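Report on the structure
These are the residues of each chain, in order.
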Amino acid sequence: MRDFRFGFNFFDIASPGDFAERCRRGERYGYHTALVPDHLGAPAPFPTMVAAADATERLRVGTLVLNAGFWNAHLLAREIATADRLTGGRLELGIGAGHMKWEFDAAGIPWEPFGARADRMAGLIEETGRVLGGDGYERHRPVAEFFGLAELAPVQRTGFGGSGPPLLVGGTGDTVLRTAARYADIVGIAGAYQLKGEPPGTFRLGTAAEAEERVRFVREQAGDRVDDIEWNVLVQHVQVTPDRRAEAERIHAERMPDMAVEEILDTPFVLLGTEAQIAAQIRERRERFGFSYITVHSPFMDVFGPVIERV
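All chains use their own residue numbering, which begins from 1 and follows the written sequence. Local features in a predicted model are, by the rule used here, given only for residues with pLDDT of at least 70; side-chain atom pairs are given and counted only at 80 or more, and totals for whole chains, interfaces and linings are based on all residues. Remark: hydrogens and water are excluded; side-chain values derive from all non-hydrogen atoms of the structure.

Describing the pairing of strand β7 (residues 186-189)
Across the two faces of β7 the burial is the same, with I186 and G188 and V187 and I189 all buried. DSSP-based pairing: two strands are paired if at least 2 bridges between them are found. Going along the chain from the N terminus, every DSSP run of H or I of four or more residues is numbered as a helix, and every run of E of two or more is numbered as a strand. Direction of pairing for strand β6 (residues 167-170) relative to β7: parallel, over a ladder of 3 bridges. If you follow G170 over to β7, its bridge partner there is G188. With strands facing away from the observer, any crossover in which the path from the first strand over the helix to the second runs clockwise is taken as right-handed. In this view, the connection linking β6 to its parallel neighbour β7 by way of helix α7 (residues 174-183) has right-handed handedness. Burial classification: accessible surface area is computed with a 1.4 Å probe over protein chains only, and a residue below 20% of its type maximum counts as buried, one above 50% as exposed, and the rest as partly exposed.

Details of unusual backbone geometry
In this structure, V65 follows L64 across a cis peptide bond, with omega equal to -10°. Within the secondary structure, V65 is located in the loop between β3 (60-63) and β4 (66-67). Backbone geometry at F160 places phi at a positive 55°, although glycine is not the residue there. Mapped onto the elements of the fold, F160 is located in the loop between α6 (141-147) and β6. By relative accessible area, F160 is classed as buried at 7%.

Things to note about the pairing of strand β5 (residues 91-96)
Of all 6 residues in β5, 6 are buried, a share of seventy percent or more. Side chains of β5 alternate between two faces, with L91, L93 and I95 and E92, G94 and G96 buried alike. Strand direction decides the pairing type here: β3 and β5, joined by 2 bridges, are parallel. Note on β5: the bridge partner recorded for V61 is L91. Pairing geometry for β4 and β5, over 2 bridges, is parallel. Bridged to N67 within β5 is G96. Once the chain exits β4 it traverses helix α3 (residues 73-86) before rejoining the sheet at β5, and the crossover so formed is right-handed. Pairing of β5 with β6, which is carried by 3 bridges, proceeds in the parallel orientation. The residue bridging L93 from the neighbouring strand is L167, located in β6.

Points about the pattern of salt bridges
Any Lys or Arg side-chain nitrogen located within 4 Å of an Asp or Glu carboxyl oxygen qualifies as a salt bridge. What the rule picks out here adds up to 22 salt bridges. Across the pair R28 and E21 runs a salt bridge whose closest N-O atoms are separated by 2.7 Å. Among the residues examined, E21 registers a relative accessible area of 30% and is labelled partly exposed. Between E210 and R204 there is a salt bridge, with its nearest N and O atoms 2.6 Å apart. Judged by its relative accessible area of 33%, R204 falls in the partly exposed class. Salt bridges sharing common partners tie together R5, R60, E92 and E230.

Topic: the packing of aromatic side chains
Only Phe, Tyr and Trp rings take part, Trp by its six-membered ring, and two of them pair if their centres are within 6.5 Å. Stacked means planes under 30 degrees apart, edge-to-face means over 60, and tilted covers everything else. Scanning all chains against the criterion turns up 11 aromatic pairs. Where F4 meets F6, the ring centres are 5.8 Å apart and the plane angle is 20°; that geometry is what we call stacked. With respect to burial, F4 and F6 carry one shared label: buried. An angle of 70° between the planes, with centres 5.3 Å apart, marks the rings of F8 and F10 as edge-to-face. Classification of F8 by relative accessible area gives buried; the value is 0%. Members of the aromatic cluster, each reached through a chain of ring pairs, are F4, F6, F8, F10, F19, Y29, Y31 and F304. The rule is short: NZ of Lys or CZ of Arg within 6 Å of the ring centre and within 35 degrees of the ring normal puts a charge over the ring. Here the guanidinium or amino end of R5 rests over the ring plane of Y293, the centre of that ring lying 4.0 Å away.

Structure representation (structure tokens):
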């Protein structure tokens, strides 16, 4: 059973000072990682990660997750190597298949069916690993050697087949999770399920039974790699309250009418109760699902922070 790690993500940058203070506050709470999504209208991942590392002493930084459709292997490898160098080897790289159609449309990138996007993600991971390992830079090497330049390579050599930083693959679909089982150091279960028949990006929250089935699926696919995998869960809502059932009833009435109160109380993607109760939920869910790497959304960073010391 793995030790706990805790992460929080960023949705915005109000000012340089506010951003730096949030990072430092997260580090004081005991968070291990500051994470950045890859969405249009949100902060750009790589400069944000470098700034977060620069503002702190130990905080690791990562993406949760990059949209594979936005990247190609050579450009991504350059960003990874640069960020890992500038953060002193504190980078984690999360990749997903992408799910917001409007972002593809706005960026002028063709929107493909999910299977094609998942296959593209797998190909990006494979090719990025080759580039990080040195393939594809033969034309640059003579120039670098002539000028005595340092090689642009990651500090860490644990992920991407031993060529780069730790790799997280996040998603819920079979194709993405097969790729995670094959390549990922960390498997991310987000708990957001596309509603069938609705526009892409229309989600519902996953249940505990669905999370359990997805973890079981990855474990079956991973084979001999299964004990090397760390499990990340992205918690969608956190509320410290003396009456967790009343809060679940409120969420059911106001936000999740299709999810029963008992399902809200049981899902690993929601944390409700006193600080002690939430700490107990985290321990129970590590036992039940294997989730040892807990990530909360930025608005819940301060709410969840005091729980970390209890855990």
